[in-house]
Structure formats: structure tokens, C-alpha cells
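# Working through the structure, step by step
So the chains spell out like this:
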Amino acid sequence: MTRDATEREVSEAEKRVGAMLEKLEEETNSEVEKIALEDVVDTNTQTGRPEVQKAVDIRVKPKVQRKWTK
């Protein structure tokens, strides 16, 4: 795989993630506050043994509702 292909794939993935986060904000009337990739311990469904997996932690905060005086 060439470097250009990797950069192109990363760019496309960033666009897909951005679209998903925008949809999340619209559907929940919130703003994404923090995104983090974390290691978590979970059980492997095939072996039944614990293993470290990657998980995405997304934190949102409610959008401020502004009421303007008339």
C-alpha cells in the first residue's frame, strides 16, 4: 500500500466520522465535547478469555438554548 493510498483512506475515514458526529449532534441536540480512543478489557466471544480491545469514547454536552429578548 502506498503512502498516498493511506492518506486518501485516512481522509475518507475522517469525512465519514465527521458526518457521523454531525448526525449525533443533530439527533441529540448536543455538541461533541471530547473524542478519545481507549484500550478496554472485554471478553473475546470466541475464546471466552479477556483481551484488550480499542473503544471510542465520545462525550457530548447539551447545546445552549438561547432566548433572545424582543
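Residues numbered from 1 in each chain as written. Predicted model: local features only at pLDDT ≥ 70, side-chain atom pairs only at ≥ 80, totals over all residues. Heavy atoms only, no water.

### Points about helix α1 (residues 3-28)
Its 26 residues place the ends of α1 37 Å apart at the C-alpha level, agreeing with the 38 Å of an ideal helix rising 1.5 Å per residue. Looking at the residues trailing α1, positive phi occurs at Asn29, about 50°. (Helix = DSSP H or I, 4+ residues; strand = E, 2+ residues; numbered from the N terminus. Expected span 1.5 Å × (residues − 1).)

### Overview of unusual backbone geometry
You will see that Asn29, though not glycine, has its phi angle at about 50°, which is positive. On the basis of relative accessibility, which here comes to 41%, the residue Asn29 falls in the partly exposed class. (Buried < 20%, exposed > 50% of the residue type's maximum accessible area, 1.4 Å probe, protein only.)

### Points about the pattern of salt bridges
If you walk through the whole model with that rule in mind, you get three salt bridges. In this structure, Asp39 and Lys54 form a salt bridge, with 2.6 Å as the shortest nitrogen-oxygen distance. In this pair, Asp39 is assigned in strand β1 (residues 30-43) and Lys54 in strand β2 (residues 50-62), connecting sequence segments 15 residues apart. A salt bridge links Asp57 to Arg59, with the nearest nitrogen and oxygen atoms 3.0 Å apart. What makes Asp57 buried here is its relative accessible area of 16%. (Salt bridge = Lys/Arg side-chain N within 4 Å of Asp/Glu carboxyl O.)

### What to know about the pairing of β2
Relative to β2, β1 is paired through 13 bridges, and the arrangement is antiparallel. Bridge pairing in β2 links Glu31 to Lys61. Following β1, the chain reverses through six residues before pairing antiparallel with β2; Gly48 in that reversal takes a positive phi of roughly 75°. (Pairing = 2+ DSSP bridges.)

### Describing the environment of Glu31
When you line up the elements, Glu31 lands in strand β1. Take Glu31: its relative accessible area is 34%, and that puts it in the partly exposed class. For the pair Glu31 and Lys63, spaced 32 residues apart in the sequence, the C-alpha separation amounts to 5.9 Å. If we ignore the near neighbours within four places in the chain, the residues touching Glu31 are Glu25, Arg59, Val60, Lys61 and Lys63. (Contact = heavy atoms within 4.5 Å.)

Any link to function would need more than the numbers given here.
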